[in-house]
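# Descriptive structure summary
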2 protein chains.
Amino acid sequence: MSQKEVNGSSHRGKVLTLETMNQNVRQVEYAVRGPMVLRAVQIEEELKKGVKKPFTEVIKANVGDAHAMGQKPITFIRQVLALCAYPALLEDDKFPEDAKLRARRILDGCGGQSIGAYSASQGIECIRKDVASYIEKRDGGIPSNHENIYLSTGASDAIVTMLKLLICGEGRTRTGVMISIPQYPLYSAALTELQGVQINYYLDEDKCWGLDVGELRRSLTAAREHCNPRALCIINPGNPTGQVQSRQCIEDVIRFAKEEGLLLMADEVYQDNVYAEGCVFHSFKKVLFEMGPEFSSVVELVSFHSTSKCYMGECGFRGGYMEVVNLDPEVKAQLTKLVSVRLCSPVSGQALMDVVVNPPQPGEPSYATFTKERAAVLADLAEKAKLTEESFNNVPGFHCNPVQGAMYTFPRITIPQKAIDQAKAAGQAPDQMYCMKLLETTGICLVPGSGFGQREGTFHFRMTILPPKEKLKYVLEKIAEFNAQFLQDYS
Amino acid sequence: MSQKEVNGSSHRGKVLTLETMNQNVRQVEYAVRGPMVLRAVQIEEELKKGVKKPFTEVIKANVGDAHAMGQKPITFIRQVLALCAYPALLEDDKFPEDAKLRARRILDGCGGQSIGAYSASQGIECIRKDVASYIEKRDGGIPSNHENIYLSTGASDAIVTMLKLLICGEGRTRTGVMISIPQYPLYSAALTELQGVQINYYLDEDKCWGLDVGELRRSLTAAREHCNPRALCIINPGNPTGQVQSRQCIEDVIRFAKEEGLLLMADEVYQDNVYAEGCVFHSFKKVLFEMGPEFSSVVELVSFHSTSKCYMGECGFRGGYMEVVNLDPEVKAQLTKLVSVRLCSPVSGQALMDVVVNPPQPGEPSYATFTKERAAVLADLAEKAKLTEESFNNVPGFHCNPVQGAMYTFPRITIPQKAIDQAKAAGQAPDQMYCMKLLETTGICLVPGSGFGQREGTFHFRMTILPPKEKLKYVLEKIAEFNAQFLQDYS
Ligand SMILES: Cc1ncc(COP(=O)(O)O)c(C=O)c1O
Ligand SMILES: Cc1ncc(COP(=O)(O)O)c(C=O)c1O
């Protein structure tokens, strides 16, 4: 029996339609690149075509994309990458010796000494060793084994891979995964796609987006009624919320994970992005091991890093790694098998990660420049973090927590009832309407808080602090102006 | 109620074990990087430690990894990549003008003129335009729209993404996907992971691994009893089988897909790898459009390409694209959303793809070198294809079809009953035992035919033809010697 006979119209209709596609994929939402961005791209086209607007440029403050905002690449990183790509340059006097040495070392780790060869599925061994050394140094000597390092296609890839490994079961035994609200929407998107159960725990906006174990427990207890919670995800420093977790808080979380039998996923891609006085980045790995063997030999922890953020902001190369701690060796073998199906992560991204984890050392020719460039980026970000907080807290109706770390601000905004009613009538989230109007009026593209999750009845938006200082000032002013007008229009 | 109370031992056992992990992932098999390769890596370690072996080197003929086998990168490609990575080189006289122009054009397409910026989720627009022009030219002017091009993280990523979009339903309505046997095991692995139903159709070894529509129909009819077949995958030129499909055969397949309401997935990553006299690569897109609007306006086709194969062999950069034809616009929007969750494919891989689809033209400074280098690689491969076929057909017990295209040979081998019995007693596939013994005796790493699928009772292995000629000759000799000994041992 041919399909034609089964369904008379099938040879004319599409095989793949909204109705017949994977409905899990259909349900995925991803606001960071959602309708706001599509509209922003349209407006850019319109501007190009000469359409008159009250602004001349679209400013995409929706994504944490440093280079797109004008940040310059770190010289040493790019020298090593150029040398790896075109080894004839190894003979060129213009390149410093340490960059050449580094490129040679990476090339020696590649099949046929070419970054055009597939690497081992887990990543190039010498790079994984450098990652392990970096972690050891970062964590004050706590050992790290390169066999536990997996290089990945950005942190996104590693996070999705771990979730894929975890999620199974049906109905009440379906795997639940705890994520913070507000969250980075990769998590909700991946959970939807993989049909894991999303378990929300709320960060406390009034305590600077702090994480409270009482709230974890509330959320877990409620979730146990309908699914099987097995993992707890933390983003530290936080996206979109910008908080940096205290050591005490991390300890509490680890104790909670142990008591409750949860695997910890620590998203630490912003580990170098800490700005606020008194805030320090503590890795989950370090705290776990400092809590003693009772914890460090038991709690399963996976932590994620990326080349996309910190001072380098090298998003396009899609470099990243995860370190797995206390993972069952048989599961590790399964993980290795799983990543091998896609052969390997981009080798240029692996090479970039190598430079990040093993930067030039004192005495080496590139040390001074590297250190200066890195410090300049981080100082600039710190200044912009402060500027943004202060500026937004002067806007009537805004409440903005300090941007302690990461690259975003997530102010609470006031939307008048009249505007809420109008948005609801149009089937729109009120903060979506706010952001869309802002885009149309000023060319500034933000992401509405509803794309990250927020407490019912509150409204926010996320903005990166990445634009160059003068542009950032302009953006902050324009948002304040727009907000005043908006409040007036809907009062 | 805490997990401790639910299950007394949970705070001491692992959250994630073989039993509690995603069982779909557990069932995935991926022979190309399976047990053979793990053992090969161990043997390499042993050699390094000075363990005596009857050989001095492991030769990994298991993967189509050109650079790892010593193939040199194409100069122009790497010049452009180095310029993109380190734009200070744009001032350097040593780089030809056309490489600089190209790098500038790519950088102009990047956010902040940096390949360190995230690109649009679908890929950089000017590169997608170059891909579309390439396809148009390749296909004799049949139009291609850059809106239908998705740049991907290797072809692997695009293939898995399409399968993910397609697969849904439960029980008898579960999506079935037809794949050739022997197949490239990415397909079976992805189907297992996504719980699609794998529908095998067998290539005809006696007709040079030809594809016969009768066999497609048999396989489809049988599958309709237990699932909902919705897609048909073809690899042309074939991996692991090396056949190049005739135009007639492609037409037949397209007609079949239309009649039966199947979406076509054409894996054309070896489109430049055609060696045999009289064989030509025909793209599915071209044939589809030449069959007239009755077909070209109806049949949903997705075709895949990659930077990893052909003359460039740039596997490490993880570049690729897919072109979607006749996809429902709403589904296309869903596809775009889906790929946006992982932000973008590696921009250096995108840049590489740009050079591949838009190589230097006559009159440009790099034209001569580029053309010479490309021709040399392809001529060398053609020679090795011939050499391999001839050599294997002289081995008693081997039957080897011509390597018309791609990069592999897949000879049928004879395994004596005694060896079969011994393998079965050890719970091993007989060809796995054969390959493992070959590895231990000679250091040559192949993939057993059972990793790709083969007709019951037949045995094969896959070997790449990529080793440099002298090494390839050595490999061919060693395999012949080993085979003679093996037949003798088990006679
Ligand atoms: C918290 C967090 N995790 C992961 C990612 C993924 O980054 P990538 O895949 O570029 O490494 C991001 C990107 O913005 C992020 O903010
Ligand atoms: C037929 C076929 N398709 C797809 C791929 C995937 O290649 P990549 O992901 O490197 O583009 C391969 C790799 O060997 C292949 O042989």
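Residues numbered from 1 in each chain as written. Chains lettered and ligands numbered in written order. Predicted model: local features only at pLDDT ≥ 70, side-chain atom pairs only at ≥ 80, totals over all residues. Heavy atoms only, no water.

The next thing to look at is the overall build of chain A. Helix and strand counts for chain A come out as 18 helices and 13 strands. The C-alpha atoms of chain A give a radius of gyration of 24 Å, which matches the 23 Å a tight globule of 491 residues would have. For chain A, the spread of C-alpha atoms along the principal axes amounts to about 65 × 60 × 55 Å. Within the span of chain A, comprising 491 residues, buried residues form 64% of the whole. Intrachain contacts of chain A at a sequence separation of at least 6 include 71% that bridge at least 24 residues. Accessible area for chain A stands at about 17,600 Å²; split by element, carbon and sulfur atoms hold 51% of it. One way to put it: in chain A the 54 positive side-chain charges average out to a point 5 Å from where the 58 negative ones average out. (Helix = DSSP H or I, 4+ residues; strand = E, 2+ residues; numbered from the N terminus. Rg over C-alpha atoms; globule rule 2.2 N^0.38 Å. Buried < 20%, exposed > 50% of the residue type's maximum accessible area, 1.4 Å probe, protein only. Contact = heavy atoms within 4.5 Å. Areas by Shrake-Rupley, 256 points an atom, 1.4 Å probe, with all protein chains shown as cover. Lys, Arg positive; Asp, Glu negative; His and termini not counted. Charge placed at Lys NZ, Arg CZ, Asp CG, Glu CD.)

Attention now goes to the sheet that holds strand E6 (residues 263–267) of chain B. Residues and elements named next belong to chain B. One open sheet accounts for 7 strands, arranged E2-E8-E7-E6-E5-E3-E4; its pairing is mixed. Each edge of the open sheet is held by one strand with a lone partner, namely strand E2 (149–153) and strand E4 (197–202). Ignoring which end each strand starts from, the neighbouring axes of this sheet average 25° apart. In the sheet, strand E3 (residues 175–181) pairs with strand E5 (residues 228–235) via 4 bridges, with the strands oriented parallel. Pairing of Thr175 across the sheet is with Asn228, part of E5. The sheet strands contacting helix H6 (residues 125–138) are E2, strand E7 (301–306) and strand E8 (319–325), and the helix crosses E2 at an angle near 110°. (Pairing = 2+ DSSP bridges. Axes fitted to C-alpha atoms, helices over the stretch in contact; angles between N-to-C directions.)

So, about helix H8 (residues 186–194) of chain A. Residues and elements named next belong to chain A. With respect to burial, H8 is a largely interior element, 9 of its 9 residues being buried. Here H8 has its buried residues at Leu186, Tyr187, Ser188, Ala189, Ala190, Leu191, Thr192, Glu193 and Leu194. Following H8 by one or two positions, Gln195 adopts a phi angle in the positive range, close to 55°.

A separate point is the interface of chain B and chain A. On the chain A side, the residues contacting the 97 residues of chain B number 97 residues. Summing both sides of the interface, chain B and chain A together bury roughly 8,300 Å²; the carbon and sulfur share of this comes to 55%. Counting across the interface, chain B meets chain A through 6 salt bridges. A:Asp157 is the salt-bridge partner of B:Arg342, the closest N and O atoms lying 3.4 Å from each other. Between chain B and chain A we count 51 residue pairs in polar contact (both at pLDDT 80 or more) in total. For the side of chain B that touches chain A, the elements supplying multiple residues, two or more each, are helix H1 (3–6), helix H2 (23–27), helix H4 (75–85), helix H7 (154–166), helix H8 (186–194), helix H10 (247–260), helix H13 (329–340) and helix H14 (347–357) of chain B. (Buried area = accessible area lost by both parts, 1.4 Å probe. Salt bridge = Lys/Arg side-chain N within 4 Å of Asp/Glu carboxyl O. Polar contact = N/O pair within 3.5 Å; in protein donor to acceptor, adjacent residues only side chain to side chain.)

Around ligand 1, the surrounding shell holds 16 residues, and the nearest of these are A:Ser156, A:Asn239, A:Asp267, A:Tyr270 and A:Ser306. More than one chain approaches ligand 1, the contributing ones being chains A and B. A:Ser306 places a polar side-chain atom, nitrogen or oxygen, 2.6 Å from an oxygen atom of ligand 1. Calculation on ligand 1 without its partners gives an accessible area of 400 Å², and the protein chains cover 98% of this total. (Near = heavy atom within 4 Å.)

Structural alignment of chain B on chain A gives an RMSD of 0.0 Å, achieved by rotating through 180° and translating 0.0 Å along the axis. Considering both components of the superposition, the chain copies are consistent with a two-fold axis. Judged by C-alpha distance, B:Ala82 is the residue of chain B that lies nearest the rotation axis, at 2.1 Å. Taken as a fraction of all interface residues of chain B, those also at the interface in chain A reach 100%, which identifies the copy contact as same-surface. (Least-squares fit on C-alpha atoms with pLDDT ≥ 70 in both.)

Working note: regular strand, side chains alternate between the two faces of the sheet. Burial of strand E4 (residues 197–202) of chain A is one-sided: the residues A:Val197, A:Ile199 and A:Tyr201 facing one way are buried, the residues A:Gln198, A:Asn200 and A:Tyr202 facing the other way are not. With H8(A) bridging strand E3 (residues 175–181) of chain A and the parallel E4(A), this β-α-β connection has right-handed handedness. (Right-handed = clockwise from strand over helix to strand, strands pointing away.)

Residue and element names in this part refer to chain A. Spatially, the 7 strands line up as an open sheet ordered E2-E8-E7-E6-E5-E3-E4, and their pairing is mixed. In this open sheet, the two strands that pair with only one neighbour each are strand E2 (149–153) and E4. Each strand axis lies, on average, 25° off the axis of its neighbour in the sheet, ignoring direction. Contacts from helix H6 (residues 125–138) reach E2, strand E7 (301–306) and strand E8 (319–325), with the element oriented near 110° to E2.

Here we come to the domain arrangement of chain A. Residues and elements named next belong to chain A. What the domain assignment lists for chain A is domain 1 (23–70 + 371–489) and domain 2 (102–357). Each of domain 1 and domain 2 has a C-alpha centre, and these two points are 27 Å apart. Taken together, the 37 residues of domain 1 in the interface contact 38 residues of domain 2. For the pair domain 1 and domain 2, the summed buried area comes to about 3,100 Å², and 58% of that belongs to carbon and sulfur atoms. Where domain 1 meets domain 2, there are 2 salt bridges. (Domains from an automatic or database assignment.)

Here we take up the site of ligand 2. Close to ligand 2 lie 16 residues, the nearest being A:Tyr118, B:Ser156, B:Asn239, B:Tyr270 and B:Ser306. Those chains with residues close to ligand 2 are chains A and B. Separating a nitrogen atom of ligand 2 from a side-chain N or O atom of B:Asp267 is a distance of 2.6 Å. At 2.6 Å from an oxygen atom of ligand 2 is found a side-chain nitrogen or oxygen belonging to B:Tyr270.

As a further point, take the side chain of A:Ser119. Counting through the fold element by element, A:Ser119 comes out in the loop between helix H5 (97–108) and H6. Engagement of the side chain of A:Ser119 in a polar contact is seen with the side chain of A:Gln350, the distance being 3.0 Å.

So, on to the environment of A:Val160. Locating A:Val160 in the fold gives a position in helix H7 (residues 154–166). Given the relative accessible area of 5%, A:Val160 is considered buried.

Turning next to the UniProt feature "domain: Aminotransferase class I/classII large" (unreviewed entry) in chain A. In the UniProt entry, the feature "domain: Aminotransferase class I/classII large" (unreviewed entry) is given for residues 95–479 of chain A. Helix makes up 44% of residues 95–479 of chain A and strand makes up 15%, while its end C-alpha atoms are separated by 45 Å. (UniProt positions renumbered as here; feature names shortened; annotations may be inferred.)

According to the stated counting rule, one finds 64 salt bridges over all chains in the structure shown. Ionic pairing is found between B:Arg247 and B:Glu290, a salt bridge with its closest N-O pair at 2.4 Å. Here B:Arg247 is found in helix H10, whereas its partner B:Glu290 is found in helix H11 (residues 284–290), with 43 residues between them in sequence. For B:Arg247, a relative accessible area of 25% gives the class partly exposed. What emerges from the salt-bridge pattern is a single network uniting A:Arg247, A:Glu251, A:Asp252, A:Arg255, A:Lys286 and A:Glu290.

Looking at the secondary structure, you find A:Gly116 in the loop between H5 and H6. Taking the C-alpha atoms as reference, A:Gly116 lies 7.5 Å from A:Val347; in sequence the two are 231 residues apart. Sequence-distant contacts of A:Gly116, that is, excluding residues within four places in its chain, are made with B:Asp65, B:His67, B:Arg78, B:Gly313, B:Glu314, B:Cys315, B:Gly316 and B:Phe317.

For the structure shown, the criterion picks out 11 cavities of 30 Å³ or more. Computed from the structure, the largest cavity encloses a volume of approximately 570 Å³. A:Asp157, A:Arg342, B:Thr153, B:Asp157 and B:Arg342 are the residues nearest the centre of the largest cavity, which is lined by 38 residues in total. Those elements that provide at least two residues to the lining of the largest cavity are E2, H7, H8 and helix H13 (329–340) of chain A together with E2, H7 and H13 of chain B. (1 Å grid on protein atoms, 1.4 Å probe; cavity = no way out; pocket = protein on both sides within 12 Å on 5 of 7 lines; lining within 4 Å. Points joined across faces, edges and corners; volume = space filled by probe spheres on them.)

Residues shown with low pLDDT carry predicted positions that ought not to be read at fine detail. Residue and element names in this part refer to chain A. Here chain A averages 93 in pLDDT, and 97% of its residues register 70 or above. This model gives residues 1–11 a pLDDT under 50, and the stretch forms 13 contacts once residues within four places in sequence are excluded. As scored by the predictor, the complex reaches a pTM of 0.93 and an ipTM of 0.92. (pLDDT = per-residue confidence, 0-100.)

Okay, the side chain of A:Thr388 next. Among the secondary structure elements, A:Thr388 is positioned in helix H15 (residues 367–393). Contact partners of A:Thr388, with chain neighbours within four places excluded, come to A:Thr409, A:Met463, A:Ile465, A:Leu472 and A:Leu476.

With that settled, consider the environment of A:Leu335. Residue and element names in this part refer to chain A. Considering the arrangement of structural elements, one finds Leu335 in helix H13. Leu335 gets classed as buried once you look at its relative accessible area, which sits at 0%. Sequence spacing of Leu335 and Tyr150 is 185 residues, and the spatial spacing of their C-alpha atoms is 9.4 Å. Those residues in contact with Leu335, other than ones at most four positions away along the chain, are Tyr150, Thr161, Met162, Leu165, Met322, Val324 and Leu327.

Turning our attention to the pairing of E7(A). Residue and element names in this part refer to chain A. In terms of burial, E7 is largely enclosed, as 6 of its 6 residues are buried. Where strand E6 (residues 263–267) meets E7, 4 bridges bridge the pair, whose relative direction is parallel. Looking at E7, one finds that Leu264 is bridged to Leu301. Note: E7 against E8, 6 bridges, orientation antiparallel.

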